[in-house]
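# Descriptive analysis of the structure
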Amino acid sequence: MIETYVIIFIVAVLILSGLFVVKQQTIAVIERFGKYVRTNSPGLNLKVPLVEKVAGRVSLRIQQLDVIVETKTKDDVFVQLKISVQFQILKEKVYDAFYKLQNPHDQITAYIFDVVRAEVPKMILDDVFEKKDDIAIAIQRELKEAMLDYGYDIVKALVTDIDPDSQVKQAMNRINAAEREKVAAQFEGDAQRILIVEKAKAEAESKRLQGQGIADQRREIARGLEESVDVLNNVGINSQEASALIVVTQHYDTLQSIGEHVNSNLILLPNSPQAGSDMLNNMVASFTASNQIGEAMKKANDKKDSKN
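Read on for a plain summary of the structure. These numbers come from a predicted model, not from an experiment.

## Considering the pattern of salt bridges
The tally for this structure, following the rule as stated, stands at nine salt bridges. Of the charged contacts, one joins D96 and K100 as a salt bridge, the two residues approaching to 3.7 Å between their closest N and O atoms. Its relative accessible area of 48% is what places K100 among the partly exposed residues. For the salt bridge of D133 with K132, the shortest nitrogen-to-oxygen distance reads 3.7 Å. The class for D133 is exposed, based on a relative accessible area of 51%. Taking the relative accessible area as the measure of exposure, K132 reaches 32% and is therefore partly exposed. Within the structure, one salt-bridge network assembled from shared partners comprises R32, R38 and E52.

## Re unusual backbone geometry
Backbone geometry at Q25 places phi at a positive 60 degrees, although glycine is not the residue there. Relative to the elements of secondary structure, Q25 occurs in the loop between β1 (19–22) and β2 (26–32). Overall, Q25 belongs to the partly exposed group, its relative accessible area being 36%. In this model, F33 sits at a positive phi of 55 degrees, which is unusual for a non-glycine residue. With respect to the helices and strands, the residue F33 is situated in the loop between β2 and β3 (35–40).

Calculation rules
- Residues numbered from 1 in each chain as written.
- Predicted model: local features only at pLDDT ≥ 70, side-chain atom pairs only at ≥ 80, totals over all residues.
- Heavy atoms only, no water.
- Salt bridge = Lys/Arg side-chain N within 4 Å of Asp/Glu carboxyl O.
- Buried < 20%, exposed > 50% of the residue type's maximum accessible area, 1.4 Å probe, protein only.
- Helix = DSSP H or I, 4+ residues; strand = E, 2+ residues; numbered from the N terminus.

Given below as structure tokens:
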């Protein structure tokens with residue numbers, strides 16, 4: 001009876017030892033006496049106890065490997081690039097992925113170093129920043145071709161960081177700051193030029209309007225003088241006397257205007273009581289003499305023309 005229990009116990013242990021569980025997105029590699037036999041999918045699986053064993057488990061999930069590569073650009077600037085490679089093992093090539101490569105991460109890292117140090121030295125530093133996607137595409141293309149034989153599919157390659165030497169970064173910052181200051185100075189210069197041009201236009205318009213106002217003022221003064229002379233002519237005063245009378249009247253109007261301002265420092269010469277009378281007499285005499293000279297010149301010209 002005891003022997004029966006022992007046998008049952010041994011059989012149960014053997015059966016239980018043959019059962020194993022494979023997690024989701026994982027493939028189990030089974031070997032029999034050290035030789036590959038098959039792969040088992042996720043779930044509860046059975047292997048032959050003492051004969052077969054789980055040699056390893058391969059994850060089918062997408063994995064990421066980050067690699068930092070230091071290299072030199074075409075313009076002799078040392079720069080560090082952080083490369084992120086996303087890859088996964090192909091389900092139909094689990095055997096190749098498990099048995100052909102002992103350390104896939106080292107293999108992928110070696111290919112990344114080779115591609116980056118072949119591509120970046122062809123570019124200047126500015127192009128490395130502008131064409132980082134081209135570098136990533138080149139890495140993905142080379143890795144995909146090389147790793148496909150080992151059962152690995154390269155999903156994506158990214159250049160996640162570009163870090164030049166610290167002195168180069170400081171120089172780039174100074175160049176950027178100087179460029180921005182230059183642009184700011186240009187904008188300020190344009191603004192000043194616009195202000196000057198607009199101010200000149202405003203002054204020109206002001207002068208034009210001022211000149212127009214003065215012209216209108218003089219035109220109205222002339223019209224007023226003409227009307228005044230006509231009124232005086234109608235009462236028997238000739239044009240010369242009328243002009244002199246108008247000037248004298250304006251003289252006294254000016255004196256009256258000056259007298260209205262208490263703090264005025266203006267002095268009008270001559271300023272004697274008889275100045276107005278003298279001015280009137282002098283102007284009438286001047287106009288009379290001018291007319292006489294004009295008449296004499298006219299007669300002389302007429303005699304000269306008759307002789308010719």
